[in-house]
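Structural characterization, general
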Amino acid sequence: MTFPVTIYHNPQCGTSRNTLALIRHAGIEPVVIDYLKTPPAKTELAKMINDAGLTVREAIREKGTPYAELGLDNPSVSDDRLLEAMLEHPILINRPFVITPLGTCLSRPSEAVLEIIPAKLFTSEFIKEDGEPVLDATGRRIA
């Protein structure tokens, strides 16, 4: 089954690595975009955020970023300025964003990606890097 998937990935992030591993566990080789090296265009970023049902503020990463130093914590900073800051400093883009024909999501936690990939593609157990089980032996999500 051909099922196109794009992931905006940070290989240094455990959540991003687990999300990518889940996608591959479904037998899908996604388009992997290292967004720190190749950030999306402003319109594309805004569309991803909107399609994921998030506000720009919800899609911005604060921890380990220049968020506060840039004054982005000020509630009066516009969405447009936040988007520009995210493109100037891609580390501000929360990750990983995943796009499939079933939708777009910010895959935090990593198992959120299960909502936008057909369940029938998962047929076996999946365990995260930290040992947390996500799918049972039949590929069903563990609650």
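Before reading further, recall that the structure is shown in the block above.
With that settled, the discussion passes to empty space enclosed by the protein. In this approach a probe as big as a water molecule rolls over the atoms, and the regions it shows empty are the leftover space. By the definition in use, this model includes one cavity of 30 Å³ or more. Counted as a void, the largest cavity has a volume near 30 Å³. In terms of lining, the largest cavity is formed by Y8, Y35, P40, M48, I93, N94, R95 and F97. Taken together, the residues of the lining of the largest cavity break down into six nonpolar, one polar and one charged.

With respect to the helices and strands, the residue R61 is situated in the loop between helix 2 (42-51) and helix 3 (79-88). Here R61 occupies a buried position and makes no salt bridge, while the nearest side chain of opposite charge, E62, is found at 9.9 Å. Within the structure, the side chain of R61 is placed 3.4 Å from the backbone oxygen of K63, a separation counted as a polar contact.

Before going further, it helps to spend a moment on the pattern of salt bridges. Under the criterion given, the structure shown has 10 salt bridges. With its nearest N and O atoms 2.4 Å apart, the salt bridge here joins K42 to D80. Of the two residues, K42 sits in helix 2 while D80 sits in helix 3, which places them 38 residues apart along the sequence. When its relative accessible area of 40% is taken as the criterion, D80 is described as partly exposed.

Attention now goes to the environment of V5. Within the fold, V5 resides in the segment before strand 1 (6-9). Placed 104 residues apart in sequence, V5 and P109 show a C-alpha to C-alpha distance of 18 Å. Excluding residues that lie within four positions of it along the chain, V5 makes contacts with I23, I28, P30, V31, V98, I99 and T100.

So, how was this worked out
Residues numbered from 1 in each chain as written. Predicted model: local features only at pLDDT ≥ 70, side-chain atom pairs only at ≥ 80, totals over all residues. Heavy atoms only, no water. 1 Å grid on protein atoms, 1.4 Å probe; cavity = no way out; pocket = protein on both sides within 12 Å on 5 of 7 lines; lining within 4 Å. Points joined across faces, edges and corners; volume = space filled by probe spheres on them. Nonpolar A, V, L, I, M, F, W, Y, C, P; charged D, E, K, R; others polar. Helix = DSSP H or I, 4+ residues; strand = E, 2+ residues; numbered from the N terminus. Buried < 20%, exposed > 50% of the residue type's maximum accessible area, 1.4 Å probe, protein only. Lys, Arg positive; Asp, Glu negative; His and termini not counted. Salt bridge = Lys/Arg side-chain N within 4 Å of Asp/Glu carboxyl O. Polar contact = N/O pair within 3.5 Å; in protein donor to acceptor, adjacent residues only side chain to side chain. Contact = heavy atoms within 4.5 Å.

No statement about biological role is implied by the geometric values presented.
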